[in-house]
Amino acid sequence: MNHLLKLLDLTPEEIIELLNLGDQLKYEQKHGIRHHLLEGQTLGMIFQKASTRTRVSFEVGMSQLGGDALFLSNRDLQIGRGEPVQDTARVLSRYLDGIMIRTFAQQEVDDLAEYGSIPIINGLTDFSHPCQVLADLMTVREHKGRLDGVKMCYIGDGNNMANSLIVGGLKTGMKVSVATPDDYRPDPVVLEFAKGYGSFRLTDNILEAAADADVLFTDVWASMGQEGEAEIRRKAFAGYQINEELLKNAAPDAMVQHCLPAHRGEEISEETFEKHADEIFDEAENRLHAQKAVMVKLMKK
Ligand code: CP
Ligand code: NVA
């Protein structure tokens, strides 16, 4: 494993190895055991979109591992003025030990990996959000004790989160049911991958998807970059909400997850969000631990 570009590239064993390392680093952090596994190394963090969790968890994670992190906004980088990503990759590879990038096109992340000579980590593209889903899988395993056979349901937009949850869930043995409106299905590449699994269901019916679910996921109806479609999307996704009524269909001890930021009253009700807040903020915390595992795996010399 040289990069983390998307979960489709990882074997189930590699995913589990990252989750195990994340658990170990979390335990050690909580027990005051300090590591300097990335001492003297610098991670560049390129952000072409906003972020709270990704930025802070990578920066803190790098600091806890004894290294440094550089926040690089597209407002300041020449990339924002049209310098090709291929050149940016070759230049930054001469200074840095790893790059985390949040951007629009998955191709840009793939190009960084192709032209650079250091590990590249995808911190969200329009296609995928692998770091988030590693944290999600870590959280589900913490709460349910296992992933194999656990039923995941995703309600809402067939976006980057849906794509990565489907791949991550299926690769780790989860049953995955997804409910999206017909015009907002997950990426065809992901659906092609999922076709090979008898444990995958795609429907437009949220009750069907939520039936007996052990964990329910959702995400915003309009992702970053889709702000102009917010009104159309509000209409298209009306009813695609995780709420107390829907949870009656799920397993009695079902957990609820949201990658955040959440829009209460849209994809999740206020009541359900607050009832499951501990699980949701465990998920947010696990970004830190899961990403430390990714950085150690990719960058430790
Ligand atoms: N979930 C997530 O990636 O959050 P940020 O956009 O705040 O980084
Ligand atoms: N689908 C959302 C996830 C945010 C973490 C977005 O891309 O904006």
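Residues numbered from 1 in each chain as written. Chains lettered and ligands numbered in written order. Predicted model: local features only at pLDDT ≥ 70, side-chain atom pairs only at ≥ 80, totals over all residues. Heavy atoms only, no water.

**Observations concerning the site of ligand 1**
Link 1 in the chain: Near ligand 1 you find Ser-51, Thr-52, Arg-53, Thr-54, Arg-102, His-129, Gln-132, Cys-259, Leu-260 and Arg-287, and these make up its full shell.
Link 2 in the chain: A distance of 2.6 Å is found between an oxygen atom of ligand 1 and a side-chain nitrogen or oxygen belonging to Ser-51.
Link 3 in the chain: When ligand 1 is considered free in solution it has 260 Å² of accessible area, and contact with the protein chains removes 96% of it.
Link 4 in the chain: Partitioning the shell around ligand 1 into residue classes produces two nonpolar, five polar and three charged. (Near = heavy atom within 4 Å. Polar contact = N/O pair within 3.5 Å; in protein donor to acceptor, adjacent residues only side chain to side chain. Areas by Shrake-Rupley, 256 points an atom, 1.4 Å probe, with all protein chains shown as cover. Nonpolar A, V, L, I, M, F, W, Y, C, P; charged D, E, K, R; others polar.)

**Description of the sheet that holds strand β8 (residues 215-218)**
Link 1 in the chain: Read from one edge of the open sheet, five strands run β7-β6-β5-β8-β9, paired in parallel fashion. Each end of this open sheet is capped by a strand with a single partner; those strands are β7 (200-203) and β9 (255-258). Strand after strand, the sheet turns through a mean of 20 degrees between neighbouring axes, direction not considered.
Link 2 in the chain: In the sheet, strand β6 (residues 175-179) pairs with β7 via four bridges, with the strands oriented parallel. Bridged to Ser-177 within β7 is Arg-201.
Link 3 in the chain: Relative to the sheet, helix α5 (residues 130-144) contacts β8 and β9, its axis offset from that of β9 by approximately 165 degrees.
Link 4 in the chain: In the packing of helix α6 (residues 160-171) onto the sheet, the strands contacted are β5 (151-155), β6, β7 and β8, and the crossing angle to β5 comes to about 170 degrees. (Pairing = 2+ DSSP bridges. Helix = DSSP H or I, 4+ residues; strand = E, 2+ residues; numbered from the N terminus. Axes fitted to C-alpha atoms, helices over the stretch in contact; angles between N-to-C directions. Contact = heavy atoms within 4.5 Å.)

**Section: the site of ligand 2**
Link 1 in the chain: Within the structure, ligand 2 sits among Leu-124, His-129, Asn-159, Asn-160, Asp-219, Val-220, Ser-223, Met-224, Cys-259 and Leu-260.
Link 2 in the chain: Within the side chain of Asn-159, an N or O atom sits 3.4 Å from a nitrogen atom of ligand 2.
Link 3 in the chain: Asp-219 is positioned with one of its side-chain polar atoms (N or O) 2.6 Å from a nitrogen atom of ligand 2.
Link 4 in the chain: For ligand 2, whose unbound accessible area comes to 270 Å², protein coverage reaches 95%.
Link 5 in the chain: Along the lines of polarity and charge, the residues of the shell around ligand 2 split into five nonpolar, four polar and one charged.

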